[in-house]
Amino acid sequence: MSISSPAHPLGTTWLRQLTTLATLALLLLTLVISTGEMVHGQLLKVGELMFNDPAHKVQYFLLRADPEKPACDPTVNVDREIARQAAAAAGGAPTSHKPDDLDDLLGAKTFDEAATRASLSATVQNCIERHALHDSLVAHITPQLKAYRALETSFFGLFQFGTENRPLILLLLMGVTILATTVGYHHISLVAPRHPRDFKVQAWTMLAASSLSMWSAVRYYQISGESGVPIEDPHIHFGWMLMFGSLMAVSAWQTLRPHRPENSQHLGEGSWLNALKAVPLAGLMTLSSAHYFFSTDHPSGLAIYTNALMEFPNLPLQLALFIWGGMLFKQSRLVDVFMNLLRPWKLSPEALTYIILLAAAIPTAYTGGSGAFVMAAGAIIYHEIRAVGGSSQYALAATAMSGSLGVVLRPSLLVVAIVAVNKEVTSDELFHWGLYVFFLTSTLFFVASQMRRERHTIEVAPVRQALPAMLREVPTLLPYIAVVAAVIAFYDGVLDASLNEITAPIIMPVMMIFIVVFDKLLLARGFGPKSEHLAFAMHRETGVRSSLGVATVETVEHLGGYMFLILLSQAAGGVIERSGIIHLAPDVFDSAWTAMTFMSISLVVLGMFMEPLGAIFLVSGTLAPLAYKSGIDPVHFWVMVLVAFELGYLMPPVALNQLLARQVVGDDLMEAADKEVASQSFYRRYERWILPCAVMTLGLVIVSFAPLAVASFPELQGWLQGWMLPPQP
């Protein structure tokens, strides 16, 4: 898919500006809330250091609000009170009710002066101390304290607001970006709409999908209200209805006023068969899921499963922040700095691609999603490989596969999600074997890349020439390293938040903002790297404000379609779960080899249609127990799941990562790449499909069956056990 021109003037005027500003505001709000939580934690620590008074037992947390004066009386005369109680006991207050049987069991009550005195003395002493603490607290409430606690409680209110309303923020972000995607016809589909009939079919599909989603959301709210239990978070229900209602209105307008591209006179109306390829994948998921739920008399099912995304809103929000960070990264010249270090070595396109993919594995690991990385950095990878002489088909293959290698590395969010719902495995085990899987798949890609060359030798410039030239480029890199180090040091030293899988989605966009600002300041003064190729540099803005604006616009265009796809993947998973299709498999397989064959094929197919996070929850409750009972080690199984999913994202007919690569590279370049090899061999014509699929298929076969071979053939254990493959029970 590619980004087509907006279908309506609103797409380029006030509506586009409004959605861009709203998205920017929501992303910044998410950053501020998350950073505010870190800041608040540090403010509490500083407050304890500044206002603690151990001598008077005063701690800062007691000063965060004005203390209430104790209601007890510290001037009680203990002797007088004892005398009063003794006289009352001796007089025996008459009672009209029958003595309690329990009192008879315990025996007659007598007045114990010693116990009463001890109790009264302790009570009075406690009251005196409470009054003394109150007076001490009041004395410590100074103007400086009031100013500090006003600052601290403001940050507390900020992150408390964010914690309580994170699902609503996610819902607003999805609504804004999906609406903008619908207006501009930017949804993820097999082909981008180009002909008038393509736009018509996409509008009709979105109208039907949004209408069914709207009705399901209404029924979900009605059923929840009829249950007799107060509806939790009713504003979320109204938010869903508002989002789907807005999509209905936009799609209805597009149906009544179909879009005709400017060059439609030359393109023609297009064929209805080809127009079906322009149907949004998320819209197709909506129609198929709604058909199942409605046919089983469960109209609210669609809304229930899509609403399940609100149970873990942090992950989609982190995904959005990472994509935004990737778009900001594209606006800086940091890529040119990195490539200028490599260019003196005059590496072949295949060797350079290998290094780029190794470097790309690190940010992929932090997101845990290959699709997100392809959207964030795919265009950069494509243009860099083309700039060093790589063919278009090879560059597209590397772009599609760029996010497939790092999902098994620490600290992948997918691995964290697997561990969270599967107690049979630990993150250390998965990351340990994931590292070997990473070396396996990356090496397979390099070997396959070398085999496609006429000369299989690795070309590299002499060290005495390349090393000095590379060192001359290092000073250009140092200022950027300083910015990165300063941001990391600030979060680590000041906010006590080291860079990890939890903080990376927060720190990385902030880091990219500072890098963009710093880069544009250097550019204005003529400092910094020079862009070696205009094809990619021409997409960069020269000013800070314009760079932030363009990066946010690209984020909206990519995020809306991807969010919609993630949302409906939840519904597709619900259909698979409720239909019981997984249970058609036997309760247990007689052979681990047969079980692994079934599992790997099933997971590849599942990866073709589902977003990974939703698929993990589905697999955890269905295929995983079956695999364990069939003799497959849990660690082995889940490492295989990750590889199978990545192969599924590269396989036709959907091939999500291929579609995302098409989206970020552009339809024109894709068509030019196909024309470039139209007269060449079958492999050259379809290299962008064959190369990544072949590499990941071979990787999946090795990961799936080599451990079983080690278990079946003891002579292999000494060679492979404990080196590359997960252990067997």
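Residues numbered from 1 in each chain as written. Predicted model: local features only at pLDDT ≥ 70, side-chain atom pairs only at ≥ 80, totals over all residues. Heavy atoms only, no water.

S.K.: Help me understand the side chain of Gln658 in this model?
M.R.: As for its position among the elements, Gln658 is in helix α27 (residues 656-665). According to the relative accessible area criterion, Gln658 is buried, its value standing at 3%. (Helix = DSSP H or I, 4+ residues; strand = E, 2+ residues; numbered from the N terminus. Buried < 20%, exposed > 50% of the residue type's maximum accessible area, 1.4 Å probe, protein only.)

S.K.: Where do I start with the environment of His195 in this structure?
M.R.: Within the secondary structure, His195 is located in the loop between α5 (143-183) and α6 (196-226). Sequence separation between His195 and Pro261 is 66 residues, and the spatial gap between their C-alpha atoms is 7.1 Å.

S.K.: Is there a simple way to explain the nonpolar core in this structure?
M.R.: One broad rule of soluble globular proteins: the nonpolar side chains tend to lie buried together. Membership of the largest hydrophobic core comes to 184 residues, with the highest contact counts inside it found for Met174, Trp240, Leu603 and Phe637. Setting aside residues no more than four positions away along its own chain, Met174 makes contact with Leu179, Trp240, Met243, Leu309, Met310, Met563 and Leu567. (Core = buried A, V, L, I, M, F, W, Y, C linked by side-chain atoms within 4.5 Å. Contact = heavy atoms within 4.5 Å.)

S.K.: Teacher, can you tell me more about the packing of helix α18 (residues 427-451) against helix α30 (residues 687-712) here?
M.R.: Angle between the axes and distance between the axes are the two parameters that describe a pair of packed helices. Between α18 and α30, whose axes approach to 9 Å, the crossing angle comes to 140°. In terms of their interaxial angle, α18 and α30 are classed as oblique. Considering the relative orientation of α18 and α30, their crossing is right-handed. Two secondary-structure elements touch here, α18 through Val437, Leu440, Thr441, Leu444, Phe445, Ala448 and Ser449 and α30 through Leu691, Val695, Met696, Leu698, Gly699, Ile702 and Val703. For the contact of α18 with α30, the per-class residue count stands at eleven nonpolar, three polar and no charged. (Axes fitted to C-alpha atoms, helices over the stretch in contact; angles between N-to-C directions. Parallel < 35°, antiparallel > 145°, perpendicular 65-115°, else oblique. Left-handed = near helix turned anticlockwise from the far one by under 90°. Nonpolar A, V, L, I, M, F, W, Y, C, P; charged D, E, K, R; others polar.)

S.K.: Looking at this structure, I do not really get the pattern of salt bridges. What am I missing?
M.R.: Where charged atoms from two side chains of opposite charge approach closely, those side chains can pair. Going through the model one piece at a time under the given rule, you end up with 19 salt bridges. Two residues, Glu384 and Arg343, come together in a salt bridge whose shortest N-O distance is 3.3 Å. In this pair, Glu384 is assigned in helix α15 (residues 370-387) and Arg343 in the loop between α13 (334-342) and α14 (349-367), connecting sequence segments 41 residues apart. Residue classification places Arg343 among the partly exposed residues on the basis of a relative accessible area of 23%. A salt bridge links Arg410 to Asp428; the nearest nitrogen and oxygen atoms lie 3.2 Å apart. Within this pair, whereas Arg410 is found in the loop between α16 (392-401) and α17 (413-421), its partner Asp428 is found in helix α18, the two being separated by 18 residues in sequence. (Salt bridge = Lys/Arg side-chain N within 4 Å of Asp/Glu carboxyl O.)

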